[in-house]
Amino acid sequence: MTISSINLAMSASSYGAYNQKLTNSTKAELEKLGIQYNPNITEAEGKKLLAQAKTQNAKNNSENSMTQNNQKDSLFEKAKKLAQELGINVDEKQNFESLLSIIENTLEQKIQLNSNNEEMLKKLEGLSRELANIQAQSNGSSGYDSTNQALMTSLEMLSQYNKTFLY
């Protein structure tokens, strides 16, 4: 065998290694991730598709996480503002969920204490709506939902009770 035929044989075997058909494991990974591919692609092309998909997933997860953190921070700021309107001192280390609970309890107490003050009840109703919106947004909902509806119903019932009791 001559040197040129040895070089040619080595080139051919190297070429074959780089253009290996798609393996079953790579094919399974592509299908598992829902990546569309041509079944005639090489193993290297399949690995490249997997790497691109993983990079894109990591980027999407990072963006989603940043968006959720920004939204949580914004909701926490709204809750702190609401708490201040109710006269609640907010500790910077305060947990978001516990702050919402404190606000809710304070609102309920103020509603009971001011059951005869229609003007104050209207103000508290507005603050209750704001709390319900913050809670709904933190749970992934938006706008007027069942939480807000339940709160409105309880305020209406309290109002009816007060009218009946006073007359």
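Above this text you will find the structure in question.
Since we're looking at a predicted model, the values are computed, not measured. (Residues numbered from 1 in each chain as written. Predicted model: local features only at pLDDT ≥ 70, side-chain atom pairs only at ≥ 80, totals over all residues. Heavy atoms only, no water.)

Colleague: What's the story with the overall build of the chain in this structure? I'm lost.
Modeller: A tally of helices and strands in the chain yields 6 helices and 0 strands. Secondary structure elements of the chain occur, N-terminal to C-terminal, as α-α-α-α-α-α. Buried residues in the chain amount to 26% of all 167 residues. Element-wise, carbon and sulfur atoms account for 51% of the exposed surface of the chain, whose accessible area totals about 11,900 Å². (Helix = DSSP H or I, 4+ residues; strand = E, 2+ residues; numbered from the N terminus. Buried < 20%, exposed > 50% of the residue type's maximum accessible area, 1.4 Å probe, protein only. Areas by Shrake-Rupley, 256 points an atom, 1.4 Å probe, with all protein chains shown as cover.)

Colleague: Help me understand the nonpolar core, please; the structure alone is not making it clear to me.
Modeller: Ranked by size, the top nonpolar core spans 20 residues in total, and within it Ala79, Leu82, Leu86, Phe96, Ile103, Leu107 and Ile134 carry the most contacts. Breaking this core down by element, the ones donating at least two residues are helix 3 (43-85), helix 4 (96-113), helix 5 (118-138) and helix 6 (146-166). Considering every element that reaches this core, the biggest residue donor is helix 4, with 6 residues. Sequence-distant contacts of Leu86, that is, excluding residues within four places in its chain, are made with Ile103, Thr106, Leu107, Lys110, Leu124 and Leu127. Counting 6 residues, the second largest nonpolar core, distinct from the first, contains Leu22, Ile41, Leu50 and Ala53. (Core = buried A, V, L, I, M, F, W, Y, C linked by side-chain atoms within 4.5 Å. Contact = heavy atoms within 4.5 Å.)

Colleague: I keep staring at the pattern of salt bridges and nothing clicks. Help me out?
Modeller: Close approach of charged atoms allows side chains with opposite charge to pair. Counted under the stated rule, the structure contains 4 salt bridges. Across the pair Glu43 and Lys47 runs a salt bridge, and its minimum N-O distance is 3.8 Å. One end of the pair is Glu43 and the other is Lys47, both in helix 3 and 4 residues apart, which spans about a single turn. Under the relative-accessibility criterion, Glu43 is labelled buried at 11%. Linking Glu77 and Lys80 is a salt bridge whose minimum nitrogen-to-oxygen distance equals 3.4 Å. Taken together, the residues Glu77 and Lys80, both in helix 3 and 3 residues apart, mark about one turn of the helix. Residue Glu77 is classed as partly exposed on the basis of its relative accessible area of 46%. Residue Lys80 is classed as buried on the basis of its relative accessible area, which comes to 11%. (Salt bridge = Lys/Arg side-chain N within 4 Å of Asp/Glu carboxyl O.)

Colleague: Honestly, the layout of surface pockets in this entry has me stumped. Any pointers?
Modeller: Vacant regions in the atomic arrangement are exposed by a probe of water-molecule size rolled over the atoms. In this structure, the second largest pocket spans a volume of roughly 260 Å³. Taken together, 13 residues line the second largest pocket, and the ones lying closest to its centre are Glu104, Glu108, Ile111, Leu151 and Ser154. Mapped onto the lining of the second largest pocket, the elements with two or more residues apiece are helix 4, helix 5 and helix 6. For the lining of the second largest pocket, the class distribution of residues is 6 nonpolar, 5 polar and 2 charged. (1 Å grid on protein atoms, 1.4 Å probe; cavity = no way out; pocket = protein on both sides within 12 Å on 5 of 7 lines; lining within 4 Å. Points joined across faces, edges and corners; volume = space filled by probe spheres on them. Nonpolar A, V, L, I, M, F, W, Y, C, P; charged D, E, K, R; others polar.)

Colleague: In this structure, what is going on with helix 5? I would like to understand it.
Modeller: One turn of an α-helix holds 3.6 residues; hence residues three or four places apart share an orientation. End to end, helix 5 covers 30 Å across 21 residues, agreeing with the expected 30 Å (1.5 Å per residue, within 8%). Within the span of helix 5, buried status applies to Leu121, Leu124, Leu127, Ser128, Leu131, Ala132, Ile134, Gln135, Ala136 and Ser138. Between the side-chain oxygen of the N-cap and the backbone nitrogen of Glu119 there are 3.3 Å, and the N-cap of helix 5 in question is Asn117. Immediately beyond the C-terminal end of helix 5, within one or two residues, lies Gly140, with a positive phi of roughly 95 degrees. (Expected span 1.5 Å × (residues − 1). Polar contact = N/O pair within 3.5 Å; in protein donor to acceptor, adjacent residues only side chain to side chain.)

Colleague: Would you explain the packing of aromatic side chains in this entry?
Modeller: For any pair of aromatic rings, the description rests on two quantities: the centre-to-centre distance and the angle between the ring planes. Per the stated rule, a full pass over the model turns up 1 aromatic pair. For the ring pair Phe76 and Phe96, a centre distance of 6.2 Å and an interplane angle of 55 degrees mean the geometry is tilted. Here Phe96 lies in helix 4 and Phe76 lies in helix 3, a separation of 20 residues in the sequence. Here Phe76 and Phe96 have matching classes, each one buried. (Phe/Tyr/Trp six-rings, centres within 6.5 Å; stacked < 30°, edge-to-face > 60°.)

It is worth stressing that arrangement in space is one thing and function is another; only the former is reported here.
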